[in-house]
Amino acid sequence: MSYKASFRVWRGDAEAGELEDYKVEVNEGEVVLDIIHRLQATQASDLAVRWNCKAGKCGSCSAEINGRPRLLCMTRMSTFTEEEVITVTPLRAFPVIRDLVTDVSFNYQKAREIPSFTPPPDLKPGDYRMQQVDVERSQEFRKCIECFLCQNTCHVVRDHEENKESFAGPRYLMRIAELEMHPLDVADRVGAAQEEHGLGMCNITKCCTEVCPEGIHITDNALIPMKERVADRKYDPIVWLGSKLFRRG
């Protein structure tokens, strides 16, 4: 069974733009990305949208649907009523290139600023040994598909352009937490998280967790544990002394 849905889609570029209204056919079982593709095929052939897998695993089709950061391919049309106007806009935290496509290069810049896995210098790759429980602890973070919805919804990034230079955002603070929890990593992730990547700017509102399409508990399992380690190092005298006497590596 099909019907005509009312869509408002942002059209424009870095200079200017506006919402345009469309009536688009919707069929049973479709997702918002299907409707955007039909809109391209029938009414707006020059509409720009980024997508790849259409299976919720590449993270490409991030946008805002009725003001909420979501994946176009994972948002079913059945979640809306037939009378509802569905507004699709680009991610607000990043510069618009054209229509629904934004410049997310900020995120790749932040990724490059984080030192990679750093094992002890005397440990050969074939000698890596870890307990399964240690592997499981950070495995959750590896589900990240880098859709950057968490980066987009974080108000530290979204509402304060001036913070981008000194704040890595939840996705990359989570990456630091993953490395810090790795039993064979000897880099000082705690100090770097606070001093170089802006962990202190995060006020744990959990907005990043709420929009994660993979259901990663970013706040509870990554950001809060990192904040606790920073607090221990700064204010717990025993931990502070231990960090001086028994430095990792």
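For the structure given in this document, a descriptive report is provided here. Quick caveat: nothing in here was measured; it's all calculated off a predicted structure.

**Examining the overall build of the chain**
Helices and strands together make up the secondary structure of the chain, namely 10 helices and 7 strands. With the C-alpha coordinates of the chain rotated into their principal frame, the extents come out at 70 × 40 × 30 Å. Across the 249 residues of the chain, 45% fall into the buried class. In the chain, the proportion of contacts linking residues at least 24 apart, taken out of those at least 6 apart, comes to 63%. By element, 50% of the accessible surface of the chain is carried by carbon and sulfur atoms, the whole surface being about 13,300 Å². Across the chain, 33 positive and 39 negative side-chain charges occur, with their mean positions spaced 4 Å apart.

**With respect to the sheet that holds strand β5 (residues 85–89)**
Read across the open sheet, the 5 strands follow the order β2-β1-β5-β3-β4; overall the sheet is mixed. Bordering the open sheet on either side are β2 (17–26) and β4 (68–71), each of which pairs with just one other strand. Along the sheet, successive strands turn relative to each other by an average axial angle of 35°, direction set aside. Bridge analysis of strand β1 (residues 3–12) against β2 gives 10 bridges, and the strand direction is antiparallel. From the neighbouring strand, F7 faces β2, where its bridge partner is Y22.

**Here's the deal with the layout of surface pockets**
The space that makes up the second largest pocket amounts to roughly 190 Å³. Forming the walls of the second largest pocket are 15 residues, and the residues nearest its centre are L71, M74, V211, C212 and P213. Looking at the lining of the second largest pocket element by element, the count peaks at 4 residues for β4. The residue inventory of the lining of the second largest pocket, partitioned by class, reads 8 nonpolar, 2 polar and 5 charged.

**Topic: the pattern of salt bridges**
This structure, assessed with the given rule, holds 18 salt bridges. Of the charged contacts, one joins R11 and D46 as a salt bridge, the two residues approaching to 3.0 Å between their closest N and O atoms. Note that R11 is positioned in strand β1 and D46 in the loop between α1 (32–42) and β3 (62–65), a separation of 35 residues in sequence. Exposure remark for D46: the relative accessible area of 45% places this residue in the partly exposed category. Among the salt bridges present, the one from E214 reaches K57, with a minimum N-O distance of 3.0 Å. Taken together, the residues E214 in the loop between α8 (207–211) and α9 (218–235) and K57 in the loop between α1 and β3 connect sequence positions 157 residues apart. Residue classification places K57 among the exposed residues on the basis of a relative accessible area of 53%.

**Things to note about the pairing of β5**
Alignment of β1 against β5, held across 4 bridges, turns out to be parallel. Paired with F7 across the strands is I86, a residue of β5.

Conventions we followed
- Residue numbers restart at each chain and count upward from 1, following the sequence in its written direction.
- In view of the model being predicted, local features appear only for residues whose pLDDT reaches at least 70, and side-chain atom pairs are presented and counted only at 80 or more, with totals across whole chains, interfaces and linings using the full set of residues.
- With hydrogens and water excluded, all non-hydrogen atoms of the structure serve as input to the side-chain values.
- Numbered from the N terminus, helices here are DSSP runs of H or I no shorter than four residues, and strands are runs of E no shorter than two.
- Classification of residues uses two cut-offs on accessible area relative to the type maximum, computed with a 1.4 Å probe and protein chains only: under 20% is buried, over 50% is exposed, and between them is partly exposed.
- Here a residue-residue contact requires only that any non-hydrogen atoms of the pair lie within 4.5 Å.
- Working definition of accessibility: Shrake-Rupley area with a 1.4 Å probe, residue cover restricted to the visible protein chains.
- Working convention for charge: Lys and Arg count positive, Asp and Glu count negative, and His plus the chain ends are omitted.
- Charged side chains are reduced to one point each, which is NZ for Lys, CZ for Arg, CG for Asp and CD for Glu.
- In this analysis, strands are considered paired if DSSP registers two or more bridges between them.
- Note on geometry: axes are lines fitted to C-alpha atoms, helical ones only across the stretch in contact, with angles between N-to-C directions running from 0 to 180 degrees.
- Here a cavity denotes grid points, spaced 1 Å and computed from the protein atoms alone, that fit a 1.4 Å probe unable to get out, and a pocket denotes an open set having protein on both sides within 12 Å along at least 5 of 7 lines; residues with an atom within 4 Å of a point are the lining.
- Grid points are joined across faces, edges and corners, and a volume is the space filled by probe spheres set on the points.
- Basically, the charged four are Asp, Glu, Lys and Arg, the nonpolar ten are Ala, Val, Leu, Ile, Met, Phe, Trp, Tyr, Cys and Pro, and anything else, Gly included, counts as polar.
- A pair is scored as a salt bridge if a Lys or Arg side-chain nitrogen falls within 4 Å of a carboxyl oxygen belonging to Asp or Glu.

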